[in-house]
Amino acid sequence: GSGHGRETVTTDPVGMDNLGSYTPVTTAFEYLCGKGDGAALAPMLATEWTPNDDGSVWTFKLREGVTWHEGTPFTSADVVATLDRLAPGNLAAYIDPGSATAVDDLTVEVTLKAPDGQFPYQVSLWNPQSVITPADFEAGTTLDQRPTGTGPFKLESFDVATGAKFVRNDSWWGGTPNLDALEFIFSDDIQTQITGVL
């Protein structure tokens, strides 16, 4: 368990803007690229990414065997739709809607507005709003309305006033998570938050 402020807890993965949103969302959702050693990236939902000669087109190979929490397969269609949702806002400097295309079920090609050798960082945990959401996900949908991620924990219950409970995702691609469950307790009181952390 841990303590969190609830002042502006929005659990819309596309619109989150603070730590109170980030932690519950990233407990359930994942990124194309994760954190490696130091500032390096490591595979997450993408196992590899390669640029063309000038860094204007990036190709992402997706992890096989990943499923959404409700059991449907994770595919390139989910990534394309996510990037289309992010293009007008969070990723507007890098891509337009339609910039990402599915080469096949497990390959996505992204054509950038301008060459950028660091683009994978924009679809990693270093850019919190770039979590991958299902193809039919609608911006503005909150975690409690559509708790379907690919991550190690699945949302069991959510109350914006009191907290969120997550249970282990036994079909997570990364293996069996070390904990059976996670509980986040929301409170505006700093002493309650400190106690929660302790």
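Preceding this section is the structure that the text describes.
Since this is a predicted model, take the numbers as computed values, not measurements.

Definitions and limits used
Residues numbered from 1 in each chain as written. Predicted model: local features only at pLDDT ≥ 70, side-chain atom pairs only at ≥ 80, totals over all residues. Heavy atoms only, no water. Pairing = 2+ DSSP bridges. Helix = DSSP H or I, 4+ residues; strand = E, 2+ residues; numbered from the N terminus. Salt bridge = Lys/Arg side-chain N within 4 Å of Asp/Glu carboxyl O. Buried < 20%, exposed > 50% of the residue type's maximum accessible area, 1.4 Å probe, protein only. Contact = heavy atoms within 4.5 Å.

### Quick notes on the pairing of strand β5 (residues 57-62)
Relative to β5, strand β4 (residues 46-51) runs antiparallel, the two being bridged by 5 bridges. Of the residues in β5, the one forming a bridge with T50 is T59. In terms of strand pairing, β5 meets strand β7 (residues 107-111) through 5 bridges, oriented antiparallel. If you follow V57 over to β7, its bridge partner there is T111.

### Let's talk about the pattern of salt bridges
Overall, the coordinates contain 4 salt bridges when judged by the stated rule. Residues K113 and D96 are paired through a salt bridge, measuring 3.4 Å at the closest nitrogen-oxygen approach. Taken as a pair, K113 in the loop between β7 and β8 (153-159) and D96 in the loop between α2 (76-86) and β6 (100-104) lie far apart in primary sequence, 17 residues in all. A relative accessible area of 38% means that D96 is categorised as partly exposed. For R168, the salt bridge identified is with D180, shortest N-O distance 2.8 Å. In this pair, R168 sits in strand β9 (residues 163-168) while D180 sits in the loop between β9 and β10 (181-186), placing the two residues 12 residues apart along the sequence. On the basis of relative accessibility, which here comes to 57%, the residue D180 falls in the exposed class. It is possible to trace a salt-bridge network through shared partners that takes in R168, D170 and D180.

### Some details on the side chain of Q122
Within the secondary structure, Q122 sits in the loop between β7 and β8. On the basis of relative accessible area, Q122 is assigned to the buried category, the value being 18%. Apart from residues lying up to four places away in sequence, Q122 is in contact with L91, Y94, N127 and S130.

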